[in-house]
Amino acid sequence: MSGGILVIVEGAGEGGNAGISRASLETVAYAQSLGGPLKLILPGAASPAQADALAALAVDEVLLADFAYPAGGVAGYDGDGYVAVLAEAIQRLAPDQVFLAHSYGARDFAPRLAARLNLTLVSDCIGQEGQGDAVAYLRQVFLGRAQARVKVAGAGPRLVSVQAGVARLEDLRRGAAPAPVSRSTLAMPAAPRVVAQAPIREGERSVDLSQARIIVAVGRGIKTQENIALAKKLADLLGAELAASRAVCDEGWLPIERQVGSSGQTVAPALYIAIGISGAVQHLVGMKTSETIVAINKDANAPIFKVADYGIVGDLFQVVPALIAALEGA
Ligand SMILES: Cc1cc2nc3c(=O)[nH]c(=O)nc-3n(C[C@H](O)[C@H](O)[C@H](O)COP(=O)(O)OP(=O)(O)OC[C@H]3O[C@@H](n4cnc5c(N)ncnc54)[C@H](O)[C@@H]3O)c2cc1C
């Protein structure tokens, strides 16, 4: 390859698109928007559906890079295996830039990959400026109050994790013809050092909000736990996930895994409806890249309106029932 972009793609269980994580596909869309040669690599065992989904994209090649231990395969995520196949591919292909979604998995394997190849990892980027060696990556700092421009000294490859929502899934381009797919299996030297347990989010109460297309989020303005049923009704009618500000989770009205923000999940759905949420910076940092933001708040000066595409200044106990009635009548 020598030059161009390599995107590391991760698989996903339920909620993924043909078994590919939504955030990874957004990262591919981001790479496509930059132009130039583009290859994808999926570490681990790939299903036929995953291979087909990746080959259908407008990319130059898809690499399915599996790994195998002498004593048998590893089902699912294995950090050592990921680092081994990715390090081999990056050294062989020598891309200018390597992008990956800033996922939970990436938080584990990306720093190890950087250390293995002696590369700088620029994490959680929201964009870039400039070209070639002069490129500067943009990162949010101080909980989104300021932006930093990060330049990596020396030649590539530059390893960059990309924040969810930086590109839109709708902008993902498909190829005119299927991209060539190559499969490889790297022999791992010993037994796995870590045996992954079942993913936590498969637990009954857990939810991965980053995969949701529509989110209805409630804040302290909802006043009591009982009133959350109102937001839940709206969410059900829209086929949306229910989320919350920290104030609501701290009260115990909704579980912590539904919290959006700097100490909760980062989300970028097509539609985010914020009900009775003031828009503190710690909340905004987790949702402001949503495609369309609708805010319902009785305070016209609430900061949430600064990021909202549509704002309804009013009492949520009047506005939300009216929305529900309209949807039920539709
Ligand atoms: C280190 C740190 C990390 C944090 N992490 C997070 C995080 O991850 N996520 C997060 O959300 N917060 C986080 N916070 C907390 C954050 O600073 C805010 O306190 C919190 O987001 C406020 O939640 P809220 O908007 O629901 O409540 P409030 O700020 O109390 O806002 C309630 C809003 O409801 C409106 N309202 C009231 N009644 C009605 C009504 N009848 N109709 C319509 N509107 C009404 C009010 O006008 C107000 O704007 C963090 C804070 C710190 C210090």
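Only a predicted model underlies this, so the values are computations on that prediction, with no experimental measurement involved. (Residues numbered from 1 in each chain as written. Predicted model: local features only at pLDDT ≥ 70, side-chain atom pairs only at ≥ 80, totals over all residues.)

J.: Run through the overall build of the chain, naming residues and quoting values.
T.: When its secondary structure is counted, the chain shows 9 helices and 14 strands. For 330 residues, the compact-globule estimate of 2.2 N^0.38 gives 20 Å, and the chain sits close to it at 21 Å. By principal-axis analysis of the C-alpha atoms, the chain measures approximately 60 × 45 × 40 Å. (Helix = DSSP H or I, 4+ residues; strand = E, 2+ residues; numbered from the N terminus. Rg over C-alpha atoms; globule rule 2.2 N^0.38 Å.)

J.: An account of the sheet that holds strand E11 (residues 241-244) is requested, with residue identities and associated values reported.
T.: A sheet is described by the order of its strands in space; here 5 strands give the open sequence E11-E10-E12-E13-E14, paired in parallel fashion. Strands at the two margins of the open sheet, each flanked by one partner only, are E11 and strand E14 (310-313). In this sheet, neighbouring strand axes are inclined to one another by 15° on average, regardless of whether the strands run parallel or antiparallel. The strands touched by helix H5 (residues 228-238) are strand E10 (214-218), E11 and strand E12 (271-275); relative to E10, the strand with the most contacts, the crossing angle is about 175°. (Pairing = 2+ DSSP bridges. Axes fitted to C-alpha atoms, helices over the stretch in contact; angles between N-to-C directions. Contact = placed C-beta atoms within 7 Å.)

J.: So what's going on with the site of the ligand? Which residues, and what values?
T.: Surrounding the ligand, one finds 28 residues, the nearest of these being Gly-219, Gly-221, Ser-245, Arg-246 and Gly-261. Contributions of two or more residues to the shell around the ligand are made by helix H6 (246-250), helix H7 (281-284), strand E13 (292-297) and helix H9 (316-329). Looking at the shell around the ligand element by element, the count peaks at 3 residues for H6. (Near = placed C-beta within 6 Å.)

J.: Let's hear about the domain arrangement of the chain: which residues, and what values?
T.: What the domain assignment reports for the chain is domain 1 (5-197) and domain 2 (202-329). Domain 1 and domain 2 are separated by 30 Å when their C-alpha centres are compared. Class assignment for the residues of the side of domain 1 that touches domain 2 results in 4 nonpolar, 5 polar and 3 charged. (Domains from an automatic or database assignment. Nonpolar A, V, L, I, M, F, W, Y, C, P; charged D, E, K, R; others polar.)

J.: Describe in detail unusual backbone geometry, supporting the description with residues and values.
T.: When glycine is set aside, most residues are seen to have a negative phi, and most peptide bonds are trans. Look at Asn-118: it is not a glycine, yet its phi comes out positive at around 55°. With respect to the secondary-structure elements, Asn-118 resides in the loop between helix H4 (104-117) and strand E5 (121-129). A positive phi is found at Asp-124, a non-glycine position, where the angle reads about 60°. Structurally, the position occupied by Asp-124 is in strand E5. Classification of Asp-124 as partly exposed rests on a count of 18 C-beta atoms within 10 Å. (Buried ≥ 20, exposed ≤ 12 C-beta atoms within 10 Å, placed from the backbone.)

J.: Go over the sheet that holds strand E3 (residues 61-68) with me, naming the residues and quoting the values.
T.: Sheet architecture is open: 9 strands sit in the order E7-E6-E5-E8-E4-E1-E2-E3-E9, paired in mixed fashion. Taken across any chain shown, the strands that pair with only one partner, and hence form the sheet edges, are strand E7 (146-151) and strand E9 (181-187). Neighbouring strand axes in the sheet, compared pairwise and without regard to direction, differ in orientation by 35° on average. Of the pairings in the sheet, the one linking strand E6 (residues 136-141) to E7 comprises 6 bridges and is antiparallel in character. Note that in E7 the partner of Gln-140 across the bridge is Gln-147. Packed on one face of the sheet, helix H1 (residues 22-34) meets strand E1 (5-8), strand E2 (38-43), strand E4 (97-101) and strand E8 (158-162) and runs near 150° to E4.

J.: Account for the environment of Lys-306, with residues named and values stated.
T.: With respect to the helices, strands and loops of the structure, Lys-306 is situated in helix H8 (residues 304-307). In sequence terms Lys-306 and Arg-174 are 132 residues apart; their C-alpha atoms lie 35 Å from each other.

J.: Break down the packing of helix H3 (residues 79-93) against H4 for me, with residues and values.
T.: Between H3 and H4, the least distance of the axes is 9 Å, while the angle of their chain directions is 45°. Classed by the angle they form, the pair H3 and H4 counts as oblique. Taken as a pair, H3 and H4 cross one another with a handedness that is right-handed. Along its contact with H3, which presents Gly-79, Tyr-82, Val-83, Leu-86, Ala-87, Ile-90 and Gln-91, the element H4 presents Asp-108, Phe-109, Arg-112, Leu-113, Arg-116 and Leu-117. Taken together, the residues of the contact of H3 with H4 sort by class into 8 nonpolar, 2 polar and 3 charged. (Parallel < 35°, antiparallel > 145°, perpendicular 65-115°, else oblique. Left-handed = near helix turned anticlockwise from the far one by under 90°.)

J.: Describe H1, and please don't skip the residues or the numbers.
T.: Helix length check: H1 (13 residues) gives 19 Å between terminal C-alpha atoms against 18 Å at 1.5 Å per residue, within 8%. Taking burial as the measure, the 13 residues of H1 include 10 buried ones, the bulk of the element. Every buried residue of H1 is listed here: Arg-22, Ala-23, Ser-24, Leu-25, Glu-26, Thr-27, Val-28, Ala-29, Tyr-30 and Ala-31. Its buried side turned inward, H1 meets E1, E2, E4 and E8. Phi turns positive one or two residues past the end of H1, at Gly-35, with a value near 80°. (Expected span 1.5 Å × (residues − 1).)

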